[in-house]
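# Examination of the molecular architecture
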Amino acid sequence: MTTTAPAATPAPPLVPVPGPRSLPLLGNLPAFGRDPLAFLVRLRDDHGDAVTWSLGPRRSLFLFHPRHIAELLGAVESDYDILDIGWAFRQVVGHSLILSKGAEWRRKRSLVQPTVRPRQVRVYAETMVDCARTAADDWQDGERIDVQREMQLITQRIVLRTLFGNDLGEQARALGDAMGVAQQEIGEEVRGLGILLPSWVRTPARRRMLEAVATLDAEVHRLIRARQAAGAAADRDDLLSRLLAARDEQGRPLTAKEVRDEAVTLWAAGHETTSTALTWIFHLLSGSPAARARLDAELDRVLGGRPPAFEDYEHLTWTQQIVKEALRLYPPAWLIAGVAREGATLGGTPVRAGTIVWCSQWTTHRDPRWFRDPASFRPERWDPDAPDPIPDHAWFPFGGGQRTCLGARFALVEAALVLATLAQRHHLDITPADVVPRPGLLIQPAGPLTATLRRRTPGGTA
Ligand code: HEM
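What comes next concerns the included structure. (Residues numbered from 1 in each chain as written. Predicted model: local features only at pLDDT ≥ 70, side-chain atom pairs only at ≥ 80, totals over all residues. Heavy atoms only, no water.)

### What to know about the site of the ligand
Just so we agree on the cut-off: Whether a residue is near a molecule or strand depends on its heavy atoms: it is near if one of them lies within 4 Å of it. Residues adjacent in sequence count toward polar contacts only when both atoms are side-chain atoms; beyond that, a polar contact is any pair of N or O atoms within 3.5 Å, and within protein one must be able to donate a hydrogen and the other to accept it. Strands here mean DSSP runs of E at least two residues long; helices mean DSSP runs of H or I at least four residues long; both are numbered from the N terminus. Under the convention adopted here, Pro, Cys and the residues Ala, Val, Leu, Ile, Met, Phe, Trp and Tyr are nonpolar, Asp, Glu, Lys and Arg are charged, and Gly plus all remaining residues are polar.
Around the ligand sit 23 residues, and of these Trp105, Arg109, Gly400, Arg403 and Cys405 come closest. Here an oxygen atom of the ligand and a side-chain polar atom of Trp105 are 2.8 Å apart. Contact distances for the ligand include 2.7 Å between an oxygen atom and a side-chain N or O atom of Arg109. With 5 residues, helix H11 (residues 256–286) is the single largest residue contributor to the shell around the ligand. Its residues assigned to classes, the shell around the ligand comprises 14 nonpolar, 7 polar and 2 charged.

### Structural notes on the pairing of strand E2 (residues 50–55)
What counts is decided by this rule: Between buried and exposed lies partly exposed: a residue is buried under 20% and exposed over 50% of the maximum accessible area for its type, with that area taken using a 1.4 Å probe on protein chains only. Strands are treated as partners if at least two bridges between them are detected by DSSP.
The element E2 is extensively covered by neighbouring structure, given that 6 of its 6 residues are classed as buried. Taking every second residue as pointing to the same face, both faces of E2 are buried, with Ala50, Thr52 and Ser54 on one and Val51, Trp53 and Leu55 on the other. The sheet contact formed by strand E1 (residues 17–18) and E2 spans 2 bridges and is parallel. The residue bridging Val17 from the neighbouring strand is Val51, located in E2. Where E2 meets strand E3 (residues 58–63), 6 bridges bridge the pair, whose relative direction is antiparallel. Paired with Ala50 across the two strands is Leu63, which belongs to E3. Connecting E2 to the next strand, E3, in antiparallel fashion are 2 residues, including Gly56 with a positive phi near 60 degrees.

### Topic: empty space enclosed by the protein
Spelled out, the test is: Cavities and pockets were defined on a 1 Å grid built over protein atoms only: a cavity is a set of grid points that admits a 1.4 Å probe from which the probe cannot escape, a pocket is an open set flanked by protein on both sides within 12 Å along at least five of seven lines, and lining residues are those with an atom within 4 Å of any such point. Grid points are joined across faces, edges and corners, and a volume is the space filled by probe spheres set on the points.
All chains considered together, the criterion is met by 4 cavities of 30 Å³ or more. If you trace the second largest cavity, you find it lined by Phe282, Leu285, Ser286, Arg292, Leu295, Asp296, Ala423, His426, His427 and Leu428. Looking at the lining of the second largest cavity residue by residue, the classes come out as 5 nonpolar, 3 polar and 2 charged.

### Description of the packing of aromatic side chains
Rules: The pairing test for Phe, Tyr and Trp rings, Trp by its six-membered ring, is centres within 6.5 Å, and the orientation test on the planes gives stacked under 30 degrees, edge-to-face over 60, and tilted for anything in between.
Inspection of every chain in the model, using the stated rule, returns 12 aromatic pairs. Arranged with centres 5.5 Å apart and planes meeting at 45 degrees, the rings of Phe32 and Trp53 form a pair that is tilted. Taken as a pair, Phe32 in helix H1 (residues 29–34) and Trp53 in strand E2 lie far apart in primary sequence, 21 residues in all. Of the two residues examined, Phe32 and Trp53, each falls in the buried class.

### Side note on the nonpolar core
Selection rule: Within this scheme, the nonpolar core is defined by two criteria: the residues are buried Ala, Val, Leu, Ile, Met, Phe, Trp, Tyr or Cys, and they are joined through side-chain atoms within 4.5 Å. By definition in these notes, contact holds between two residues if any of their heavy atoms fall within 4.5 Å.
Counting 121 residues, the largest nonpolar core has Val92, Met151, Trp267, Phe282, Leu419, Leu422 and Leu428 as its most contacted members. With 13 residues, the single largest contributor to this core is H11. Beyond its immediate sequence surroundings of up to four residues, Met151 is in contact with Trp139, Ser275, Leu278, Thr279, Phe282, Leu422 and Leu428. Grouped together as the second largest cluster of nonpolar side chains are 17 residues, Leu73, Val76, Val351 and Cys359 included.

### A few points about the sheet that holds strand E10 (residues 426–431)
Rules: Helix axes are fitted only over the stretch in contact, all axes being lines through C-alpha atoms; the angle between N-to-C directions runs from 0 to 180 degrees.
One open sheet holds the 3 strands; their spatial order is E5-E13-E10, and the pairing between them is antiparallel. Across the chains shown, the open sheet's two edge strands, defined by having one partner strand only, are strand E5 (144–146) and E10. Neighbouring strand axes in the sheet, compared pairwise and without regard to direction, differ in orientation by 35 degrees on average. Relative to strand E13 (residues 450–455), E5 runs antiparallel, the two being bridged by 3 bridges. Counted as the bridge partner of Arg144 is Thr452 from E13. Together, E10 and E13 form the strand contacts of helix H15 (residues 408–425), whose direction differs from that of E10 by roughly 95 degrees.

### Some details on the side chain of Glu325
Position of Glu325 relative to the elements: it lies in helix H13 (residues 317–329). Only 3.0 Å separates the side chain of Glu325 from the side chain of Arg381, close enough to count as a polar contact. Among all residues touching Glu325, those that are not within four sequence positions of it are Ser376, Phe377, Arg378, Pro379, Arg381 and Trp382.

### Let's talk about the sheet that holds E2
Strand order in the open sheet formed by 6 strands is E1-E2-E3-E9-E6-E4, with mixed pairing between adjacent strands. In this open sheet, the two edge strands, each paired with only one partner strand, are E1 and strand E4 (80–82). As judged from the 3 bridges shared by E4 and strand E6 (residues 336–340), these two strands associate in the antiparallel manner. Note that in E6 the partner of Tyr80 across the bridge is Ala340. Sitting on the sheet, helix H2 (residues 36–47) touches E1, E2 and E3, and the angle it makes with E2 is about 140 degrees. Taken strand by strand, helix H3 (residues 66–79) contacts E3, E4, E6 and strand E9 (356–359), and its axis lies near 75 degrees from that of E4.

Below, the structure is given as structure tokens:
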């Protein structure tokens, strides 16, 4: 499917202009923290494509033009350091690949990558459909469900079964809750002043966070011990087996803590992101009868009433377009940043070392210069013969460059197959129709989304 085209207009030269006035020490953090999404849109509309601002005492530069974003993402691994997004995030991911750089990052990425390569994703497709079918089987006509929670349960089962070979049965709900608490606390810290607190300070929020992480750790260490005890008899080709079998140049295995860090990172990165995307997808479909009718027609035509399989993915083109359009309007990950090293440049202009350079999927995905009628849900804009080409890096829900999301293919196939499996059997009518997006670590609905289920007959109508 044709998705992107070269930028329609040349990138303007990169001339950073000063953003809004900032407070001593806090900089623009209070204004950003009050309403980050509105703040960023104002930053672009009032100041331009490259704007300096300050997050706390740190000098920052925000980029809004796709060409500059492409340049930043392409150079992140070589010219930028990782931005420390705070104590809470470190508690979850530890020293995993997501916070590593250089040779250490390459080593860890090459260890983890094989578990989510396209050939593996093909194998995982059956599990993805199976987990969605279990949910669809439980759902009753007329029942009201909490959409976000249902999606979390599905994607958590998928990530646990595909990556750890175990869906943890009854434990899954409690662990999902612990992961939810951890991710919420990370979000609070990213958005608020918590990011400036020294790591030794223990607030009630931090104590909650530590409890949640302890619950997660206990389960992951239990899984590790069980797999170590089973040894070769386990005969599994999942992430856990690969991490346990990995050896460094001296032939040393990873420590239990290192295995835990990679495992929890994949778990965190791989389930809440996709469940959030699915939640937004059902919200958008509920408000768009025409898009939903076209989806019904595609599912009936391609699947004829049977459950989807990996081979159907490429034929479910409208389903894929719905996923892409939802990721445009509500990108779960909404900020990417790097800290410039000595010698970093953008658009030929030197960037002062230590500057935090940012870009946001939210603002660029909703920029009227790249997307006509940007606030509307229009999956047809992704038609191969759509009249408006979409510039490269105007859509980047998975980031880009060398650090691009490791699970992008996994997530796209998962979202499409789960959507197809659920939508084939049920319509989700969601209230309220107006939902406020709340940016934390991810952009999620501010309140619960409740759906009334209406059963469909696969191959027929609702
Ligand atoms: C809709 C779902 C998803 C979204 C929107 C998403 C988004 C992202 C983004 C924006 C990044 C940072 C990229 C950058 O800095 O340029 C990232 C990194 C990453 N993602 Fe995803 N992701 C999703 C699903 C997944 C899944 C399913 C997995 C694993 C199974 C995963 C694993 C990772 C990992 C390990 C990284 C760190 C890569 C590195 O630092 O080398 N993600 N993701």
